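Here's the letter readout for the chains.
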Amino acid sequence: VCSSDLEAVPYAMVIADSRGHIRLVNSRAEILFRYQRGEMTGKPIEMLIPARFQADHPAHRSTFQQAPRTRPMGAAGRDLFGLRKDGSEVPVEIGLNPLVTAEGEFVLASIVNISDRKAAENALRESARQITQLADAMPQMVWTSHPDGSPDYRNHRWHQFMRLPEGVSDWDMNKLVHPDDLQRMREKWGASLVSGLPYECQGRLWDWRTETWRWHLHRALPIHDPDGKLVKWVGTSTDINDHKRLSQELEHRVELRTAALQHSLSEKELLLKEVHHRVKNNLQVICSLLWMQITYVRSDAPAEPPADSTASLVEQLSEAHRRVQSMAMIHEQLYQSETLEDLDFSRYADSLATRLFQACCADPSRIRLVLSAEPIHLTIDQAIPCGLILNELISNALKHAFNDGGDGVIRIVFRMCAPGRVELAVTDNGIG
């Protein structure tokens, strides 16, 4: 091996003979171990090994010489250290390579200073310890999971919440999550968790005998490596069991109160319908009494007038009869309506006009009714006076507009003419 070849290597190189004596080093080895080259050559290799490892090292050299092959030195997970001239130690990684030359068998050791890596690992380990301490001090449950959702880390608060003994890690998610929530949580595992949205589920306490479930609120975020591969889930959970219980009790009370109010409202609507029904019946009784009086006056009139007074009385009673009937129809329609607040006045106008035509014996072949009414709703306080007005106008048209025996049309218009304003009009093309 040429000395210049060793100088081109960017890390320390040491060549030792079969007896374990140093035969050749490069300048990187001088820098690493802080010896001059002449101070190392010819000396046992153990001079570069900490005292606590020196006693076992000859046996390791003998094992390597029995089966020489290229391999790293030390077992997996074992830290290796080099001893410097000033007595300080430096963490290293060592690779062994057998060399066979004309002069004999040698071992080439490549030695890499990993102080920076160890410092970074220690710093990372310390950061992880501090993060763990911080997570354990948080009032929320903090946890991490593997990409498949299997547990990785749970803080102290999580163990308290689930009453899970410290150090227990072989728990089954299928046992800890309520069956009603498990499938829903798995569905959200690919939806809400990716976006960081919260989701609720019930967690089972560790004592399987109690069947005790408590509500908690989860929020989780995915952690990806530089290549975009999912590495871990990091999340928090909050105990919302008391809030959930109070919320459910409140919802139950609201449902009961709503049901009670709906029942009370139904009873009041039924009572109000009954009131309208009875008012309509009473008005119908009045109509019947008026009709009986009209019949009596007509039958009791003398065969030869004065017929003017009798006709006048019959006309007055008939007017009263029609007016009472128009009000009775309003209460009848309200009784039949789904809502008691108002009624469709267009339907009422159609019914009232039809009855008046029948009552006044209008000849449909001679006098036609044309109704143009929009479906506008009026309250009972609006409908009663409008119904009386409509009754008067239609009655007057039927009595006076077509006395000459001619044909004609009575037209009724009911429409919205402006916001908040309704027009009701009755016109005819008779003699009036």
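Above this text sits the structure in question.
Owing to the predicted nature of the structure, the values given are computational and were not obtained by experimental measurement.

Caption draft 1: Structural context of the layout of surface pockets. The volume enclosed by the largest pocket comes to roughly 570 Å³. Around the largest pocket sit 30 residues that line it, and Ile 49, His 57, Met 73, Ile 94 and Leu 96 are the ones nearest its centre.

Caption draft 2: Expanded view of the environment of Met 416. Position of Met 416 relative to the elements: it lies in strand β15 (residues 408–418). You can call Met 416 partly exposed: its relative accessible area is 40%. Each C-alpha atom of the pair Met 416 and Glu 374 lies 7.6 Å from the other, and the pair is 42 residues apart in sequence. In this structure, Met 416 is in contact with Glu 374, Ile 376, Arg 421 and Val 422, ignoring residues within four places of it in sequence.

Caption draft 3: Examining the packing of aromatic side chains more closely. Tallying each qualifying case throughout the model produces two aromatic pairs. With 5.2 Å between their ring centres and 40° between their planes, Phe 345 and Tyr 348 make a pair best called tilted. Placement of both Phe 345 and Tyr 348 in helix α13 (residues 345–359) is noted, with a separation of three residues, approximately one turn of the helix. On the accessibility criterion, Phe 345 (0% relative accessible area) is buried. Judged by centre distance (4.9 Å) and plane angle (50°), the ring pair of Phe 345 and Phe 414 falls under tilted. Of this pair, Phe 345 sits in helix α13 while Phe 414 sits in strand β15, placing them 69 residues apart in sequence. As far as burial versus exposure is concerned, Phe 345 and Phe 414 are alike and both buried. In this structure an aromatic cluster arises from ring pairing among Phe 345, Tyr 348 and Phe 414. Against the face of Phe 81 rests Arg 52, its NZ or CZ located 5.5 Å from the ring centre. For the cation-ring pair, Lys 244 lies above Trp 215, with the distance from its terminal atom to the ring centre recorded as 4.6 Å.

Caption draft 4: Structural detail: the pattern of salt bridges. Counted by the stated rule, this structure contains 16 salt bridges. Here Glu 103 makes a salt bridge to Arg 23, at a shortest N to O gap of 4.0 Å. Remark: Arg 23 occurs in strand β2 (residues 22–25) and Glu 103 occurs in the loop between β5 (89–101) and β6 (104–113); sequence separation between them is 80 residues.

Caption draft 5: Up close: the pairing of strand β1 (residues 12–17). Burial runs high along β1: six of the six residues are buried. The alternating pattern of β1 places Ala 12, Val 14 and Ala 16 on one face and Met 13, Ile 15 and Asp 17 on the opposite face, and all of these are buried. Here six bridges tie β1 to β6, and the two strands are oriented antiparallel to one another. The partner of Ala 12 across the bridge, within β6, is Ile 111. As paired strands, β1 and β2 are joined by three bridges and run antiparallel to one another. The partner of Ala 16 across the bridge, within β2, is Ile 22. Between β1 and β2, which follow one another and run antiparallel, lie four residues, and Gly 20 among them has a positive phi close to 85°.

Definitions and limits used
Throughout this document, residue positions are counted from 1 along each chain, in the order its sequence is written. Residue-level local features of this predicted model are given only where pLDDT is at least 70; pairs of side-chain atoms are given and counted only at 80 or more, and the full residue set underlies all totals for whole chains, interfaces and linings. Computation of side-chain values: all heavy atoms of the structure, hydrogens and water removed. Cavities and pockets were defined on a 1 Å grid built over protein atoms only: a cavity is a set of grid points that admits a 1.4 Å probe from which the probe cannot escape, a pocket is an open set flanked by protein on both sides within 12 Å along at least five of seven lines, and lining residues are those with an atom within 4 Å of any such point. Grid points are joined across faces, edges and corners, and a volume is the space filled by probe spheres set on the points. Runs of E in the DSSP output that reach at least two residues are strands. Runs of H or I that reach at least four are helices, and both are numbered from the N terminus. Residue exposure (1.4 Å probe, protein chains only): buried if accessible area is under 20% of the type maximum, exposed if over 50%, otherwise partly exposed. Every residue pair with non-hydrogen atoms within 4.5 Å of one another is taken to be in contact. Here the aromatic set is Phe, Tyr and Trp, taking the six-membered ring for Trp, and pairing holds for ring centres within 6.5 Å; pairs whose planes are under 30 degrees apart are stacked, those over 60 apart are edge-to-face, and all others are tilted. Whether a charge sits over a ring depends on NZ of Lys or CZ of Arg being within 6 Å of the ring centre and within 35 degrees of the ring normal. Definition used for salt bridges: Asp or Glu carboxyl oxygen within 4 Å of a side-chain nitrogen of Lys or Arg. Strand pairing is assigned whenever DSSP detects at least two bridges linking the two strands.

By themselves, these observations are geometric and do not establish any function.
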